[in-house]
Amino acid sequence: MKLHFRKTGEGKPLVVLHGVFGSSDNLHTVCKQIGEAGYEVYMVDARNHGQSERGEDFNYQVLAQDLDEFLSEQGLDKPFLLGHSMGGKTVLYYSQHYVNYSGLILVDIAARGYKRHHDHIIQGLQAIDPKAINSRKEAEEIFSQYVTDPGERQFLLKNLYRTDDGAFDWRINVPVLAANAGEVVANIELAKEVDVPLLLMRGGASNYVRDSDFDEVKAYYPKAELLTVPGANHWVHATNSTGFVSGVLNFLKRI
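Please read all numbers here as calculations on a predicted model, not as lab measurements.

Reading the values: the criteria
- Residues numbered from 1 in each chain as written.
- Predicted model: local features only at pLDDT ≥ 70, side-chain atom pairs only at ≥ 80, totals over all residues.
- Heavy atoms only, no water.
- Helix = DSSP H or I, 4+ residues; strand = E, 2+ residues; numbered from the N terminus.
- Buried < 20%, exposed > 50% of the residue type's maximum accessible area, 1.4 Å probe, protein only.
- Areas by Shrake-Rupley, 256 points an atom, 1.4 Å probe, with all protein chains shown as cover.
- Axes fitted to C-alpha atoms, helices over the stretch in contact; angles between N-to-C directions.
- Parallel < 35°, antiparallel > 145°, perpendicular 65-115°, else oblique.
- Left-handed = near helix turned anticlockwise from the far one by under 90°.
- Contact = heavy atoms within 4.5 Å.
- Phe/Tyr/Trp six-rings, centres within 6.5 Å; stacked < 30°, edge-to-face > 60°.
- Lys NZ or Arg CZ within 6 Å of the ring centre and 35° of its normal.
- Core = buried A, V, L, I, M, F, W, Y, C linked by side-chain atoms within 4.5 Å.
- 1 Å grid on protein atoms, 1.4 Å probe; cavity = no way out; pocket = protein on both sides within 12 Å on 5 of 7 lines; lining within 4 Å.
- Points joined across faces, edges and corners; volume = space filled by probe spheres on them.
- Salt bridge = Lys/Arg side-chain N within 4 Å of Asp/Glu carboxyl O.

Draft legend 1. Spatial organisation of the overall build of the chain. When helices and strands are tallied, the chain shows eleven helices and nine strands. With the principal axes as the frame, the chain shows a C-alpha extent of 50 × 35 × 35 Å. Per-residue burial over the chain gives 54% buried out of 255 residues. Put simply, the chain shows about 11300 Å² of open surface, and 45% of that area lies on carbon and sulfur atoms.

Quick look at the structure:
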């Protein structure tokens with residue numbers, strides 16, 4: 001599985017994984033700041049997202065396999081791994097089954113399974129036929145019937161782009177993501193103790209990570225730390241970018 005990526009900065013390698021329906025572009029601004037602080041940051045598009053290849057399989061086992069192949073292809077030895085939401089679950093799964101990492105950062109996600117909460121988004125995406133629309137405004141009018149928050153709507157519609165022939169298409173594999181929506185919120189089984197530093201970062205205005213979630217992680221990652229970023233919602237890097245960057249750098253510089 002060939003994964004598209006962006007790279008910025010020089011120094012110790014940090015590999016960054018985005019959340020579902022996102023892409024490497026989502027974290028570019030904060031990653032540039034981290035790169036300027038002395039790190040070589042790789043922002044990776046997951047399979048079926050962004051400009052990476054597509055595949056029918058979509059679960060944390062294959063996402064972790066993709067990550068391991070990417071690290072090997074790039075010659076990255078013991079990099080730091082950072083994942084937001086789906087990317088965080090990928091990092092957790094990877095750390096339970098592989099060993100090529102020296103520090104882990106999970107952004108607003110826990111190991112436990114979550115209730116499915118993306119169905120309205122998937123229904124909205126499925127309602128838009130990119131070949132049948134003539135403008136982004138037309139797509140937004142359709143999508144607004146399913147996703148009412150303007151900011152969330154704009155974020156998701158970044159996946160809609162014009163092809164070379166002037167038509168619209170998706171940068172996400174909507175049918176595969178729809179068919180595997182339950183996999184995105186699946187539980188990551190923790191069974192192996194991992195003796196590397198881990199930072200669990202959560203948004204102060206988010207309900208994704210409970211105190212008990214950190215207790216579960218701490219039981220298997222004895223060097224785990226919890227950081228609550230004030231005022232940030234689930235998209236910590238977007239809603240408190242200063243707190244996000246300082247939290248990441250403070251952690252990395254100590255390990």
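Draft legend 2. Looking closely at the packing of helix α1 (residues 28-36) against helix α11 (residues 241-252). Where α1 contacts α11, the two axes come as close as 10 Å, and the packing angle between them is 40 degrees. Regarding the angle of α1 to α11, the classification is oblique. In this structure, α1 crosses over α11, and the sense of that crossing is right-handed. Contacts between α1 and α11 pair Val30, Gln33 and Ile34 from the former with Ser241, Phe244, Val245, Val248 and Leu249 from the latter.

Draft legend 3. Fine view of the packing of aromatic side chains. Scanning all chains against the criterion turns up eight aromatic pairs. For the ring pair Tyr114 and Tyr208, a centre distance of 5.6 Å and an interplane angle of 35 degrees mean the geometry is tilted. Residue Tyr114 is located in the loop between β5 (103-107) and α4 (119-127), and its partner Tyr208 is located in the loop between β8 (198-203) and α9 (211-220); the two are separated by 94 residues in the primary sequence. By relative accessible area, which is 14% here, Tyr114 ends up buried. Each residue in the set Phe5, Tyr42 and Phe70 is aromatic and connected to the rest through ring pairs, giving one cluster. Just above the ring of Tyr114 sits the side chain of Arg112; from NZ or CZ to the centre is 4.2 Å.

Draft legend 4. Main features of the nonpolar core. Formed by 63 residues in total, the largest nonpolar core has its most connected members in Val15, Phe21, Leu81 and Tyr221. In terms of residue count, the dominant contributor to this core is helix α2 (residues 60-74) (six residues). Contacts of Leu81, omitting those with residues within four sequence positions, involve Leu14, Val15, Leu67, Leu71, Val91, Tyr94, Asn100, Tyr101, Gly103, Leu104 and Ile105.

Draft legend 5. Broad picture of the layout of surface pockets. Within this model, the largest pocket holds a volume of roughly 330 Å³. For the largest pocket, the lining is made up of 24 residues, of which His118, Glu152, Tyr208, His234 and Trp235 are closest to its centre. Residue assignment for the lining of the largest pocket shows that the elements contributing at least two residues are α4 and α6 (150-157). For the lining of the largest pocket, the element with the highest residue contribution is α6, accounting for three residues.

Draft legend 6. Structural view of unusual backbone geometry. Of note in the backbone geometry, Asn48 takes a positive phi value of approximately 65 degrees without being a glycine. In this fold, Asn48 is placed in the loop between β3 (39-44) and α2. The exposure class of Asn48 is buried, given its relative accessible area of 0%.

Draft legend 7. Structural view of the pattern of salt bridges. Tallied over the full model, the rule gives ten salt bridges. Ionic pairing is found between Glu73 and Lys2, a salt bridge with its closest N-O pair at 4.0 Å. Taken together, the residues span a long stretch of sequence, with Glu73 in helix α2 and Lys2 in the segment before β1 (5-8) at a distance of 71 residues. Among the salt bridges present, the one from Lys131 reaches Asp169, with a minimum N-O distance of 3.9 Å. In this pair, Lys131 sits in the loop between α4 and α5 (136-143) while Asp169 sits in strand β7 (residues 168-170), placing the two residues 38 residues apart along the sequence. Judged by its relative accessible area of 57%, Lys131 is exposed.

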